[in-house]
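# Remarks on the overall topology
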Amino acid sequence: MSVTATSMSTVSGGTVEVTVLESGENGARTSDLRNTTFESGDGRELRFKTTTLMNGAPSASVDGTAAVSNEGIRVSLKEPKRDQFKAPGDVVLPSDHMRRLVQAARAGQTTLSLKVFDGSDDGRKVYDTLAVIGRQVTAPATGERDKPLKEGALAGMPHWPVRLSYFTQGEGERTPIYTLVFDLYENGVSGALTLDYGDFAIKGDMTRLDMEPDGVKPEAACTP
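What you are looking at is a predicted structure, and each value in this text was computed from that prediction instead of being measured.

Cut-offs used in this document
Starting afresh in each chain, residues are numbered from 1 along the sequence in its written order. Two thresholds apply to this predicted model, a pLDDT of at least 70 for residue-level local features and 80 or more for giving and counting side-chain atom pairs, whereas whole-chain, interface and lining totals are computed over all residues. Hydrogens are left out, water is left out, and the side-chain values use all remaining heavy atoms of the structure. Counting from the N terminus, the helices are DSSP H or I runs at least four residues long and the strands are E runs at least two residues long. What makes two residues a contact is simply this: any of their non-hydrogen atoms within 4.5 Å. For every accessible area listed, the method is Shrake-Rupley and the probe measures 1.4 Å; residues are considered covered only by the protein chains on display. Residue types Ala, Val, Leu, Ile, Met, Phe, Trp, Tyr and Cys, when buried and joined through side-chain atoms within 4.5 Å, form a set referred to as a nonpolar core. Only protein chains enter the accessibility calculation, which uses a 1.4 Å probe. A residue is then buried if its area is under 20% of the maximum for its type, exposed if over 50%, and partly exposed in between. Aromatic rings from Phe, Tyr and Trp, with only the six-membered ring used for Trp, were paired whenever their centres fell within 6.5 Å, and each pair was classed as stacked if the ring planes differed by under 30 degrees, edge-to-face if by over 60, and tilted otherwise.

Turning to the overall build of the chain, a few remarks are in order. Scanning the chain for helices and strands turns up 1 helix and 17 strands. Taking the contacts inside the chain whose residues are at least 6 apart along the sequence as the reference set, 39% of them involve residues at least 24 apart. Within the structure as shown, the chain displays about 12600 Å² of accessible surface, and the carbon and sulfur contribution to it stands at 50%.

Okay, here's the thing in structure tokens:
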């Protein structure tokens, strides 16, 4: 199987990813995935919805909410069918995960292990994650990718190379479901993104970055 074309755009609260997969046995398949999320400012609540079209035909949508408390996480699903479940322990949502990664990098930590829920896949999975954090870099990004990160304040902003692996929950040695490799900037923006799924990998190129004056809400578009 090979990936012949992928386009991905990310805006505040959502992602659209279109991928064409070439297979010698089944021919070309086009996957159009649309993900919309909203997180509360305190990182304790998440609304998520994912719709997928495969060769133009819709598949089951995932729609639900998640709330984090001291006891764990509670997830309520509307689609594909109404359901609820709880997962105990220290589980974080994506924004809190990013904040903790930045805090760990600033503190000089080289690894960070957390349980993360992001509403992906069927909306029922809590992932074990392991981040390996490299040394801080203050020089501007190099190469032809991510032009917006080489301009203005971001050009001199400290950042760290990160390798973040996602695993199904369990014990012992496991193979990652997928791995993200990226440069993590001090304000939470990511660059030099690569998504490694094992059978294939996708590289992202940030083509535009729009930020509000306070730098809180980035809105970006990227293509591989």
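Within the secondary structure, M206 sits in strand β16 (residues 205-211). With 15 residues separating them along the chain, M206 and G191 place their C-alpha atoms 7.1 Å apart.

So, about the nonpolar core. Counting residues in each nonpolar core, the largest one holds 20 residues, and the members touching the most others are L101, I133, V162, L164, L180 and F182. Those residues in contact with L101 that sit more than four places away from it in its chain are L112, A131, I133, L164, F182 and L184. Ranked by size, the runner-up nonpolar core spans 14 residues in total, among them F48, V62, A66 and L93.

Moving on, we get to the packing of aromatic side chains. Any two aromatic rings considered together are summarised by their centre-to-centre distance and by the angle between their planes. The full count for this structure, using the stated rule, is 5 aromatic pairs. Centroid distance Y127 to Y166: 5.8 Å. Interplanar angle 80°. Geometry classified as edge-to-face. Of this pair, Y127 sits in strand β11 (residues 127-133) while Y166 sits in strand β12 (residues 159-167), and the two are 39 residues apart along the sequence. The exposure classification of Y127 matches that of Y166, with both residues buried. Both rings, one in Y197 and one in F200, keep their centres 5.3 Å apart while their planes meet at 35°; by these two values the pair is tilted. With relative accessibility at 32%, the residue Y197 sits in the partly exposed group. An aromatic cluster is built from Y127, Y166, Y178, Y197 and F200, whose rings are joined through pairwise contacts.

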